[in-house]
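Each chain, written out:
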Amino acid sequence: MVEEHLASRGQLSVCVREVQKSLAQSSKRLIEQKLTDYGLGEADGFRVLNDRIETPGGGLIVFQGMQDHTAESIKSLEGFNRAWVEEAQSLSARSLTLLRPTIRAKGSELWFSWNPTRKTDAVDALLRGPTPPTGATVIRANWSDNEWFPDELEQERLDDKRDRPDQYDHIWEGDYAKVTEGAYYAASLTQARKENRVGFVARDPNMAIRTFWDLGRRDHTAIWVAQWVGQKITLLDYIEGSGQPPSYYFEELRQRGYRGCMVYLPHDGSRVGPENHNGKSYEDQAREAGFDVEVIRNQGPSAAMLRIDAGRRLFPRMWFNEATTADGLEVLGAYHERRDDKREIGLGPEHDWASHGADAFGLLAVAYEEPLIARKPKQNYVGAGGWMG
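Note that this is a predicted model, so its numbers are computed, not measured.

Caption draft 1: The sheet that holds strand 7 (residues 198-199), seen in detail. Strand order in this open sheet of seven strands is 7-13-10-9-8-11-12, and the pairing throughout is mixed. Every other strand in the sheet has two partners, leaving strand 7 and strand 12 (292-295) as the edge strands with one partner each. Looking at chain direction, strand 11 (residues 262-265) and strand 12 are connected through four bridges and run parallel. Looking at the pairing, Met 262 lines up with Asp 292 of strand 12. Docked against the sheet, helix 8 (residues 246-255) engages strand 8 (210-214), strand 9 (220-229) and strand 10 (232-242), running at close to 135° with respect to strand 10.

Printed below as a string of structure tokens:
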């Protein structure tokens, strides 16, 4: 950025983040440090102000948060010919849609720098998808490409490889995040991978197929497909969608070979909501579609934590077919607690993109636990003189 403004007088650049509450969260300090490193100052045409940096020939570098922009305000950046999006993994699809047609002056460029988090992030879909934009240059750069990689960081890298294997590839190798720091199932997933319980898992043709649902009223619907095989719980498949009617998911199950499987619904599966335009509940529609149905009772005000506890207890019995549950594994690795950092307390599970699949997973754990309670041996006793004596 500094070199280009030195070479191109009058250039206009914007440094962007999705959310920028203050300039302390911007790239301004980094650019100021580079000016100092290069010995560049007002004599060279660079002037550092509180909210911007003036550059040779009337040029300018400004710092903005995309979340603050509207379709109207973004027009203030027309005529800018460089936009650098730092921490681009956080950039929303909306912000990307606003930014791309705005930076369109002749010879303009959009720069993105980021450490990948999810393959569905807007910047990854744009630049790492099957058809990146014409003229795009994508460079994958890691620690191993740094000729001046310091010994201190090398030791930190080796420590992470030893102590945090579930996060190592994301932190150091540019891979997508497998688990979020502090995720409820982080340790369980790490142990499952160590024990090779994430890989290829075959369907048992002699055992029932069971599906566990979280119902998307106005957002996502998520479904885990599983079997009970002896003491093992095998997770065969994961399905997620948004804005689709129940019939869509029933047909999806049929297409994947799960016709007539058992459908486990949360307690509201028997309710007729405004999204059920035909006046029938999910339970009614599932039965009409030819599926056996069980509605799991409400676990009460602590339902979320009860599901999490049940999932953690059962995780050592679980085996995941990685190829078909990859999206579900990502969900479990990201499901985390909402924190109040000022009071240093937890506020329960965060309701975000990962919560739907995690709730369906929790329903599986609760549904597995309930039969164990129901199967307590009955006393064959009919009182004095009874046949058991």
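Past the structure itself, the notes keep going.
Caption draft 2: Spatial organisation of the layout of surface pockets. Of the voids in this model, the largest pocket is the one considered here, and its volume is about 950 Å³. Lining the largest pocket are 32 residues, with Phe 112, Ser 113, Trp 114, Thr 137 and Ile 139 positioned closest to its centre. In terms of residue count, strand 6 (residues 109-113) provides more of the lining of the largest pocket than any other element does, five residues in total. When grouped by side-chain class, the residues that make up the lining of the largest pocket number 18 nonpolar, nine polar and five charged. Roughly 430 Å³ of volume is contained in the second largest pocket.

Caption draft 3: Geometry of the side chain of Thr 211. Mapped onto the fold, Thr 211 is located in strand 8. Within polar-contact distance, the side chain of Thr 211 engages the side chain of Trp 213 at 3.1 Å. Non-local contacts of Thr 211, meaning those with residues more than four positions away in its chain, are made with Ile 223, Trp 224, Val 225, Leu 253, Cys 261, Met 262, Val 263 and Tyr 264.

Caption draft 4: A look at the packing of aromatic side chains. Summed over all chains, the structure comprises 18 aromatic pairs. On the numbers, 6.2 Å between centres and 85° between planes, the contact of Phe 149 with Trp 172 is edge-to-face. Pair noted here: Phe 149 is in the loop between helix 4 (122-127) and helix 5 (151-163) and Trp 172 is in helix 6 (residues 165-173), with a separation of 23 residues, a long-range link. Pair check on accessibility: Phe 149 and Trp 172 agree, each one buried. Between Phe 315 and Phe 320, the ring centres sit 5.5 Å apart and the planes meet at 35°, which makes this aromatic pair tilted. Of the residues examined, Phe 320 reaches a relative accessible area of 0% and is grouped as buried. Put simply, the rings of Tyr 184, Tyr 185, Trp 224, Tyr 238, Phe 315, Phe 320, Tyr 335 and Phe 361 touch in pairs and so form one group of aromatic residues.

Caption draft 5: Seen up close, unusual backbone geometry. Although it is not a glycine, Glu 87 sits at a positive phi angle of roughly 50°. For Glu 87, a relative accessible area of 36% corresponds to the partly exposed category. The phi angle at Asn 196 is positive, at roughly 60°, despite the residue not being glycine. For Asn 196, the position within the fold is in the loop between helix 7 (186-194) and strand 7.

Caption draft 6: Inspection of the pairing of strand 6 at higher detail. With five bridges connecting them, strand 5 (residues 82-86) and strand 6 associate as parallel partners. The partner of Val 85 across the bridge, within strand 6, is Phe 112. Considered for its hand, the β-α-β crossover made up of strand 5, helix 3 (residues 93-99) and strand 6 is right-handed.

Caption draft 7: Structural detail: the sheet that holds strand 2 (residues 47-48). Taken together, the six strands give an open sheet; going across it, the order is 2-3-4-1-5-6, and neighbouring strands pair in mixed fashion. Because the sheet does not close on itself, it has two edges, and the strands there are strand 2 and strand 6. The strands touched by helix 2 (residues 28-38) within the sheet are strand 1 (12-17), strand 2, strand 3 (52-55), strand 4 (59-65) and strand 5, with strand 3 carrying the most contacts at an inclination of about 35°.

Caption draft 8: Quick look at the pattern of salt bridges. In this structure the tally under the stated criterion is 21 salt bridges. With its nearest N and O atoms 2.6 Å apart, the salt bridge here joins Glu 4 to Arg 82. On the criterion of sequence distance, the pair formed by Glu 4 in helix 1 (residues 2-7) and Arg 82 in strand 5 is long-range, its members being 78 residues apart. A salt bridge links Arg 197 to Glu 195; the shortest N-O distance between them is 2.8 Å. Several salt bridges share partner residues, and in doing so they unite Arg 47, Asp 51, Arg 52 and Glu 54 into one network.

Caption draft 9: View of the nonpolar core. Grouped together as the largest cluster of nonpolar side chains are 37 residues, with contacts concentrated most on Trp 224, Phe 315, Met 318, Phe 320 and Leu 364. Among the secondary structure elements, those contributing two or more residues to this core are helix 7, strand 9, strand 10, strand 11, helix 10 (303-314), strand 13 (318-321), helix 11 (322-334) and helix 12 (355-374). Take this core: its biggest share by element is nine residues, from helix 12.

Scoring rules and cut-offs
Residues numbered from 1 in each chain as written. Predicted model: local features only at pLDDT ≥ 70, side-chain atom pairs only at ≥ 80, totals over all residues. Heavy atoms only, no water. Pairing = 2+ DSSP bridges. Helix = DSSP H or I, 4+ residues; strand = E, 2+ residues; numbered from the N terminus. Contact = heavy atoms within 4.5 Å. Axes fitted to C-alpha atoms, helices over the stretch in contact; angles between N-to-C directions. 1 Å grid on protein atoms, 1.4 Å probe; cavity = no way out; pocket = protein on both sides within 12 Å on 5 of 7 lines; lining within 4 Å. Points joined across faces, edges and corners; volume = space filled by probe spheres on them. Nonpolar A, V, L, I, M, F, W, Y, C, P; charged D, E, K, R; others polar. Polar contact = N/O pair within 3.5 Å; in protein donor to acceptor, adjacent residues only side chain to side chain. Phe/Tyr/Trp six-rings, centres within 6.5 Å; stacked < 30°, edge-to-face > 60°. Buried < 20%, exposed > 50% of the residue type's maximum accessible area, 1.4 Å probe, protein only. Right-handed = clockwise from strand over helix to strand, strands pointing away. Salt bridge = Lys/Arg side-chain N within 4 Å of Asp/Glu carboxyl O. Core = buried A, V, L, I, M, F, W, Y, C linked by side-chain atoms within 4.5 Å.

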